Amino acid sequence: MGNGTLGGMVYGGVLSDTIKLNEETLWSGEPRDLQNLTAKAYLPRIRKLLNESQTAAAQALIDSVMLGEYNECYLPMGDLIISHSAHENYSNYRRELDLDQALVTTSYQVDGVDFKKEVFVSNPDQTLVVRISASEAGKLSFSAELQSLLHNSVLADGNSLVLNGQAPLHAYPHYLGKMDPVYEAGRGMKFQMRMEVLHEGGQVKMLNGRCEVEGADVVEFRLV
């Protein structure tokens, strides 16, 4: 699901469902000037080599004097993980993607109760919304948390979970086989995810960076 800026990949699990999140402006690195001011001086020589059909020599010269540094890397922002640990014996599992309504729906039954999870991303509000409901009152008991592969900390702010993150100063393209990002204090992009929790019935508690739901009728997450 996505709105062109904020995106979520909905995996649709029952015992543990992950929504992987990204946002178009979250990259490694920081502002820098990468202009190669000496490249222009080599252009006549490269043209001469090409006119003489010395393609390999022209390419080698281009590689050595005209190419800039690697781009920095587009990064995964984080995960919303929703865990229904008591729903092991589920049946009638179904997933749907409604292209007309831009809505992902996951539904199943446990002990005769219908459970449904709906996910969409609003463009006007720049918000990912997850609405979880049950066919009988008081049947929603589960936990939810925010995680990220990037350096982060999670805290509660009233009825919201807040993940404060730090992107690396540098990350290598994956095809180089270097998987260790470089972090440096005070440098690189900071980011934040905030997830407001609304509910009808039951109780919602924020414990150790997690949202714990007990006996609710409907729960809605709004993530920005």
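All values reported here derive from a predicted model rather than from experimental measurement.

How each quantity is defined
- Residues numbered from 1 in each chain as written.
- Predicted model: local features only at pLDDT ≥ 70, side-chain atom pairs only at ≥ 80, totals over all residues.
- Heavy atoms only, no water.
- Helix = DSSP H or I, 4+ residues; strand = E, 2+ residues; numbered from the N terminus.
- Buried < 20%, exposed > 50% of the residue type's maximum accessible area, 1.4 Å probe, protein only.
- 1 Å grid on protein atoms, 1.4 Å probe; cavity = no way out; pocket = protein on both sides within 12 Å on 5 of 7 lines; lining within 4 Å.
- Points joined across faces, edges and corners; volume = space filled by probe spheres on them.
- Nonpolar A, V, L, I, M, F, W, Y, C, P; charged D, E, K, R; others polar.
- Arc of directions from axis to C-beta.
- Contact = heavy atoms within 4.5 Å.
- Pairing = 2+ DSSP bridges.
- Axes fitted to C-alpha atoms, helices over the stretch in contact; angles between N-to-C directions.
- Polar contact = N/O pair within 3.5 Å; in protein donor to acceptor, adjacent residues only side chain to side chain.

Can you help me understand the overall build of the protein chain in this one?
A count of helices and strands for the protein chain gives 2 helices and 14 strands. In terms of overall dimensions, the protein chain has a C-alpha envelope of 80 × 40 × 35 Å along the principal axes. Burial status across the protein chain gives 38% buried among its 224 residues.

Help me understand the layout of surface pockets in this model?
Empty space left among the atoms is revealed by rolling a probe the size of a water molecule over them. The space that makes up the largest pocket amounts to roughly 270 Å³. Considering the residues around the largest pocket, the lining is formed by 15 residues, among which Leu75, Ala171, Tyr172, Met179 and Pro181 are closest to the centre. Class assignment for the residues of the lining of the largest pocket results in 12 nonpolar, 1 polar and 2 charged. The space that makes up the second largest pocket amounts to roughly 150 Å³. Every residue along the wall of the second largest pocket is listed here: Lys20, Leu21, Asn22, Tyr74, Leu75, Pro76, Gly78, Asp79, Ser148 and Leu149. For the lining of the second largest pocket, the residue count by class is 5 nonpolar, 3 polar and 2 charged.

So what exactly am I meant to see when it comes to helix H2 (residues 55–65) here?
Owing to its 3.6 residues per turn, the α-helix brings residues three or four apart onto one side. Buried residues of H2: Ala58, Leu61 and Val65, and no others. Along the long axis of H2, the arc covered by the buried residues comes to 65°, so they all point the same way. Exposed and oriented more than 90 degrees from the buried face of H2 are Thr55, Ala56 and Ser64. For H2, the secondary structure elements touched by its buried residues are helix H1 (43–51).

Help me understand the sheet that holds strand E11 (residues 190–200), please; the structure alone is not making it clear to me.
One key point about sheets: their strands pair by backbone hydrogen bonds, in either a parallel or an antiparallel sense. Strand order across the open sheet formed by 8 strands is E4-E5-E6-E7-E14-E11-E10-E9, with antiparallel pairing between neighbours. The open sheet is flanked by strand E4 (90–98) and strand E9 (151–157), the only strands paired with a single partner. Each strand of the sheet is rotated relative to its neighbour by a mean of 15°, with strand direction disregarded. Strand direction decides the pairing type here: strand E6 (residues 113–122) and strand E7 (residues 127–134), joined by 8 bridges, are antiparallel. Each residue of the ladder has a partner; that of Glu118, found in E7, is Arg131.

For this particular structure, what's the right way to read the sheet that holds strand E8 (residues 140–147)?
Pairing is antiparallel in the open sheet, where 6 strands are placed in the order E1-E2-E3-E8-E13-E12. In the strand order of this sheet, the two ends are held by strand E1 (6–10) and strand E12 (203–207), each with one partner. Taken over all neighbouring pairs, the strand axes of this sheet differ in orientation by 20° on average, direction set aside. Sheet analysis places strand E3 (residues 78–83) next to E8, joined by 5 bridges and oriented antiparallel. Counted as the bridge partner of Ser83 is Ser143 from E8.

Hey, could you run me through the side chain of Ser148 in this one?
Within the element layout of this structure, Ser148 appears in the loop between E8 and E9. A distance of 2.8 Å separates the side chain of Ser148 from the backbone oxygen of Met77, its partner in a polar contact. Contacts of Ser148, omitting those with residues within four sequence positions, involve Pro76, Met77, Gly78, Leu163 and Phe191.

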